[in-house]
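Listed below, chain by chain, are the residues.
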Amino acid sequence: METQIIKGIVLSSCDYKEKDKLVEIYSVELGKITAVLKGCKSPNAKLKFAFQPFCFAEFSIVRLGKFYQITNASLIDSFFNLSADLTQYYVANLILEITSISVQPEEQNPQIFLLLAKVLKNICYDNINPYIVALKYCIDILQILGYKINFSKCSSCGLAYAGKIFLNLDSGEFVCFACKAENSLAISLQAFSSIKIVSGTEYERLNSIKIADSVLKEAINLLCKNLEYRVYKYIRSLKFI
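As the structure is a computational prediction, the values presented were derived from the model and not from experiment.

Q: Would you explain the overall build of the protein chain in this entry?
A: Along the backbone of the protein chain there are five helices and eight strands. Each helix and strand of the protein chain, placed in order from N terminus to C terminus, yields the pattern β-β-β-β-β-α-α-α-β-β-β-α-α. Here the C-alpha atoms of the protein chain give a radius of gyration of 19 Å, agreeing with the 18 Å that 2.2 N^0.38 yields for 241 residues. Taken along the three principal axes of its C-alpha coordinates, the protein chain extends 60 × 35 × 25 Å. The 241 residues of the protein chain split such that 50% are buried. Residue pairs in contact within the protein chain that sit at least 24 positions apart in sequence constitute 59% of those at least 6 positions apart. For the protein chain, the accessible area works out to roughly 11,900 Å², and carbon and sulfur atoms hold 50% of it.

See below:
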């Protein structure tokens, strides 16, 4: 069996057999993979850190049927401080789940990996409002998937927005009142403006933005609802935001 070395971030893990874990990793080299970590539930397991969410490590893996097996791991960053604040923890978990549902198994996308590493760093170390970081990540993921937001005009009729704005869940685009379909969700002008502001701001300057958390949460919930419709998957961690 050939050993591969990958750099990856743990998205989630679950129990597997008596003392093992199934670990979902998003890596630079292979994209999203599922790997078995044997014996890690034992109290003195050497690689116990390697199934924790947010764990950024260099993993040694071998292919075993439909799964990989982790044979060794070297920690790069645990992002331990994410667990110290409940809001940070919930938002960071949302970001991991957004990543997981947005990519196909073993579909390489270094751009998404770099974004994921950047946003975890922003929340953990850079003292940026985690809701702003999550909103920026939602915007970028949707854009990577082909759903760039048109802030100046209705995506249906092409006219400038006047009055209420809606998200058409069937098309994944924002439309005006006249073009809203039955399966559309209204968005407040404050939340729409917050998406526009955050979209046009680099990650390094996100700490300069001041927006009420209630407005940010509305925007995040709406974009996550849009993402759910695009990938046909439910975002469970959204209920904690």
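Q: What's the story with the nonpolar core in this structure? I'm lost.
A: The tendency in soluble globular proteins is for nonpolar side chains to be buried side by side. Membership of the largest hydrophobic core comes to 67 residues, with the highest contact counts inside it found for Leu-116, Tyr-137, Phe-174 and Ile-195. Of all the elements in the fold, those that place two or more residues in this core are strand S1 (4-16), helix H1 (86-102), helix H2 (110-125), helix H3 (130-144), strand S6 (165-168), strand S7 (173-176), helix H4 (189-199) and helix H5 (213-231). With residues near it in sequence (within four places) discarded, Leu-116 still touches Ile-9, Leu-11, Tyr-26, Ile-95, Leu-96, Thr-99 and Tyr-137.

Q: Whenever I open this one, the state of the cysteines confuses me. Can you help?
A: Any covalent bond linking the sulfur atoms of two cysteines counts as a disulfide. All chains considered together, the criterion is met by zero disulfides. We note that Cys-55 lacks a disulfide partner, and the nearest cysteine sulfur, in Cys-40, lies 12 Å from it. Under the relative-accessibility criterion, Cys-55 is labelled buried at 2%. Among the cysteines around Cys-138, which has no disulfide bond, Cys-224 carries the closest sulfur, lying 3.9 Å off.

Q: Got a minute to help me understand the sheet that holds S1 in this structure?
A: One key point about sheets: their strands pair by backbone hydrogen bonds, in either a parallel or an antiparallel sense. Ordered by their spatial adjacency, five strands build a closed barrel running S1-S2-S3-S5-S4, and the pairing between neighbours is mixed. Adjacent strand axes in the sheet meet at a mean angle of 45 degrees when their direction is disregarded. Alignment of strand S4 (residues 56-64) against strand S5 (residues 67-77), held across nine bridges, turns out to be antiparallel. In the strand pairing of S5, Val-62 is matched with Gln-69. Each of S1, strand S2 (20-27) and strand S3 (31-37) is contacted by H1, which is oriented at about 105 degrees to S1, the strand it contacts most. Running at roughly 70 degrees to S1, H2 makes contact with S1, S2, S4 and S5 of the sheet.

Q: How should I be thinking about the sheet that holds S7 in this particular structure?
A: Taken in spatial order, the three strands make up an open sheet running S7-S6-S8, and their pairing is antiparallel. The sheet terminates laterally at S7 and strand S8 (184-187), the two strands that pair on one side only. Here the average twist between neighbouring strands, direction ignored, is 35 degrees. When S6 meets S7, the two strands line up antiparallel, connected through four bridges. Along S7, the bridge assignment pairs Phe-166 with Val-175. Lying on the sheet, H4 is in contact with S6, S7 and S8; it crosses S8 at an angle near 85 degrees.

Q: Quick question: what am I supposed to make of the side chain of Ser-27 here?
A: Looking at the element boundaries, Ser-27 is found in strand S2. Assessed through its relative accessible area of 0%, Ser-27 is described here as buried. Of note is the side chain of Ser-27, whose polar atom sits 3.0 Å from the backbone nitrogen of Leu-30. Discounting chain neighbours no more than four positions away, the residues touching Ser-27 are Ile-6, Lys-7, Gly-8 and Phe-113.

Q: What am I meant to see in the packing of H1 against H5 here?
A: Where H1 meets H5, the closest approach of the two axes is 10 Å, and the angle between their N-to-C directions is 25 degrees. Taken together, the axis directions place H1 and H5 in an arrangement best described as roughly parallel. Relative to H5, H1 is oriented so that their crossing is left-handed. Residues Leu-94, Ile-98, Ile-101 and Ser-102 of H1 form the contact with H5, whose participating residues are Ile-220, Cys-224, Leu-227 and Val-231. Along the lines of polarity and charge, the residues of the contact of H1 with H5 split into seven nonpolar, one polar and no charged.

Rules used in this analysis
- Residues numbered from 1 in each chain as written.
- Predicted model: local features only at pLDDT ≥ 70, side-chain atom pairs only at ≥ 80, totals over all residues.
- Heavy atoms only, no water.
- Helix = DSSP H or I, 4+ residues; strand = E, 2+ residues; numbered from the N terminus.
- Rg over C-alpha atoms; globule rule 2.2 N^0.38 Å.
- Buried < 20%, exposed > 50% of the residue type's maximum accessible area, 1.4 Å probe, protein only.
- Contact = heavy atoms within 4.5 Å.
- Areas by Shrake-Rupley, 256 points an atom, 1.4 Å probe, with all protein chains shown as cover.
- Core = buried A, V, L, I, M, F, W, Y, C linked by side-chain atoms within 4.5 Å.
- Disulfide = S-S within 2.5 Å.
- Pairing = 2+ DSSP bridges.
- Axes fitted to C-alpha atoms, helices over the stretch in contact; angles between N-to-C directions.
- Polar contact = N/O pair within 3.5 Å; in protein donor to acceptor, adjacent residues only side chain to side chain.
- Parallel < 35°, antiparallel > 145°, perpendicular 65-115°, else oblique.
- Left-handed = near helix turned anticlockwise from the far one by under 90°.
- Nonpolar A, V, L, I, M, F, W, Y, C, P; charged D, E, K, R; others polar.

Function-wise, these values are silent; they only describe arrangement.
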